[in-house]
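Working through the structure, step by step
The chain contents come next:
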Amino acid sequence: MGKWTSRTGRGAILALLLLVAGMLPGAGLLRGAPVPAATIVQGTAADEFNELNDLARRTRLLPTPSPAPAQLILAELNPAKAPVPTGPLTYVPILYYHYIRINPNPQDRVGFSLSTPPAMFRMQMQYLADHGFHVISLHQAVTAIKNHSGLPSRPIVLTFDDGYADFFTAAIPILRSHGFTATSFVISGRMGWGGFMTPSQVVAADSQGFTIGAHTVDHVALAAQAPARATWEIKQSKLMLEELLGHPVLDLAYPYGSFNGYDMEQARSLGFETAASTTYGSVHSAGQLFMLSRLRIGGGLPLSYYARVVGGPPPTLAELSGSAGSPAASPPAAKPSAAPSPSPTPIPSPSPSATALSPNRPTALWL
Ligand SMILES: [Zn+2]
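An account of the accompanying structure is given in this report.

What counts, and where the lines are drawn
Residues numbered from 1 in each chain as written. Predicted model: local features only at pLDDT ≥ 70, side-chain atom pairs only at ≥ 80, totals over all residues. Helix = DSSP H or I, 4+ residues; strand = E, 2+ residues; numbered from the N terminus. Buried ≥ 20, exposed ≤ 12 C-beta atoms within 10 Å, placed from the backbone. Contact = placed C-beta atoms within 7 Å. Arc of directions from axis to C-beta. Pairing = 2+ DSSP bridges. Right-handed = clockwise from strand over helix to strand, strands pointing away. Axes fitted to C-alpha atoms, helices over the stretch in contact; angles between N-to-C directions. Parallel < 35°, antiparallel > 145°, perpendicular 65-115°, else oblique. Left-handed = near helix turned anticlockwise from the far one by under 90°. Nonpolar A, V, L, I, M, F, W, Y, C, P; charged D, E, K, R; others polar. Core = buried A, V, L, I, M, F, W, Y, C linked by C-beta atoms within 7 Å. Expected span 1.5 Å × (residues − 1).

Turning our eyes to something else, we now look at the overall build of the protein. Across its full length, the protein carries 13 helices and 12 strands. Taken across its 367 residues, the protein has 47% of its residues classed as buried. Put simply, of all contacts in the protein between residues at least 6 apart along the chain, 67% involve residues at least 24 apart.

Structure representation (structure tokens):
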């Protein structure tokens, strides 16, 4: 990510690319765009944008990978592999979700990919409970990574990006039924907006033991911002949440996984303990606490594939049918409609059971 650090002389290039991006459908990512945080890009726009980037790179307009917005959103949907960590290593998968809901618009593929239906989420949590996973807090994971001090068997961290209201209304009841903890990365400037948690819900989640992290004020792609704006977004989101909660906020997640060396340093110097990215990986080292890798859990993920992502055994037949778990653990599961119709193409190397679920899968990359 250090290769993104140079902002010098990049303004003109970015201005050109952002101008073009603004003309593309679904690329309305610029400051103040009144769109939900995670429902922005269409594949076509991203593809066109990649072509522009390639062209610019070939003509030496763009010597390094650009932080232009559409490309960055695509990066969040199709994460890069994490850099190879150095030093003592700690294995702990850090999952990240967006919505816990049934995608309201079947035509919205991006919305689908970001929406884990509550019934599916319940099955996933039941799977973790059934197979001896230890759901730990992000702070516990960071402490272990920092000190290489070890973790319980099958450790796992659950995180949720954007601070949607369904974290409070749908995810928390399921998490609490298992005694699981989690972190919600809240866009501080969107609390109380439609679909997002209200400040009082954020406070209530915090008081119930869930961790609230910062996710900037306006959900901007940090690497595309001028330094002063990037600093303000990081700092102000921390201050707003700390004022609301009355205690330090130590965790940051970079919107769209967009960050550079400057942003990492700002996060560190402003007092964050860690910053989560969207690069794909489960092995961490103390030198990478400000670029923590995570595993994206998207909509329509078959439980058998989920099991492989988290490093567990294949699910039992009862788990696959949604009938596993103690009777008291949760309310009756799964309206039939909760199963989304298009199922994603799992990556990498899907198992036969993972691919046989739907003949109508999009050819994409939702993890
Ligand atoms: Zn986000």
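The subject of this paragraph is unusual backbone geometry. Not every positive phi belongs to a glycine, and Arg154 is a case in point at roughly 45 degrees. The residue Arg154 is located in the loop between helix H6 (138–147) and strand E6 (155–162) in this model. Judged by the 17 C-beta atoms lying within 10 Å of it, Arg154 is partly exposed. Even without glycine at this site, Asp162 takes up a positive phi of about 95 degrees. For Asp162, a count of 24 C-beta atoms within 10 Å puts it in the buried group.

Below, the discussion takes up H6. By the burial criterion, the buried members of H6 are Leu138, Ala141, Val142 and Ile145. The buried residues of H6 occupy an angular sector of 100 degrees when projected down its axis, which confines them to one face. Within two residues after H6, His148 carries a phi angle of roughly 50 degrees, on the positive side.

This brings us to the pairing of strand E7 (residues 183–186). Residue alternation in E7 divides its side chains into two sets, Thr183 and Phe185 and Ser184 and Val186, and both sets are buried. Across 4 bridges, E6 lies against E7 in parallel orientation. In the strand pairing of E7, Phe160 is matched with Ser184. Handedness of the crossover joining E6 and E7 through helix H7 (residues 165–178): right-handed. Across 4 bridges, E7 lies against strand E8 (residues 211–214) in parallel orientation. Residue pairing across strands places Thr183 opposite Thr211, the latter belonging to E8. Handedness of the crossover is the feature at issue here: the chain leaves E7, passes through helix H8 (residues 199–207), returns alongside E8, and the resulting connection is right-handed.

On to the packing of helix H5 (residues 118–130) against H7. It is at 10 Å that the axes of H5 and H7 come closest, and there the two elements cross at 20 degrees. When the axes of H5 and H7 are compared, the pair comes out roughly parallel. Two packed elements cross with a definite hand, and for H5 against H7 that hand is right-handed. In this structure, H5 contributes Pro118, Phe121, Arg122, Met125 and Ala129 to the contact, and H7 contributes Ala170, Ala171, Ile174, Leu175 and His178. Among the residues forming the contact of H5 with H7, the class breakdown is 8 nonpolar, 1 polar and 1 charged.

In this section: the nonpolar core. Within the largest apolar cluster, 77 residues are counted, with the highest numbers of intra-cluster contacts made by Ile94, Leu95, Val157, Ala171, Val186 and Ala275. Contacts of Ala171, omitting those with residues within four sequence positions, involve Ile100, Phe121, Phe160 and Asp166.

Turning next to the environment of Glu265. By the secondary structure assignment, Glu265 is in helix H10 (residues 261–269). Measuring from C-alpha to C-alpha, the distance between Glu265 and Thr231 comes to 9.8 Å, with 34 residues separating the pair along the chain.

With 19 residues, helix H9 (residues 227–245) should reach 27 Å at 1.5 Å per residue; the first-to-last C-alpha distance of 27 Å fits that figure. Residues of H9 that are buried include every one of Ala230, Glu233, Ile234, Ser237, Lys238 and Leu241, and no others. Buried residues of H9 fall within an arc of 110 degrees about the axis and therefore sit on the same side. In this structure, H9 carries Ala228 and Glu243 as exposed residues pointing more than 90 degrees from its buried face. In this structure, the buried side of H9 is in contact with E7, E8, strand E9 (251–253) and H10. Directly beyond the C-terminal end of H9, a positive phi value near 80 degrees is found at Gly246.

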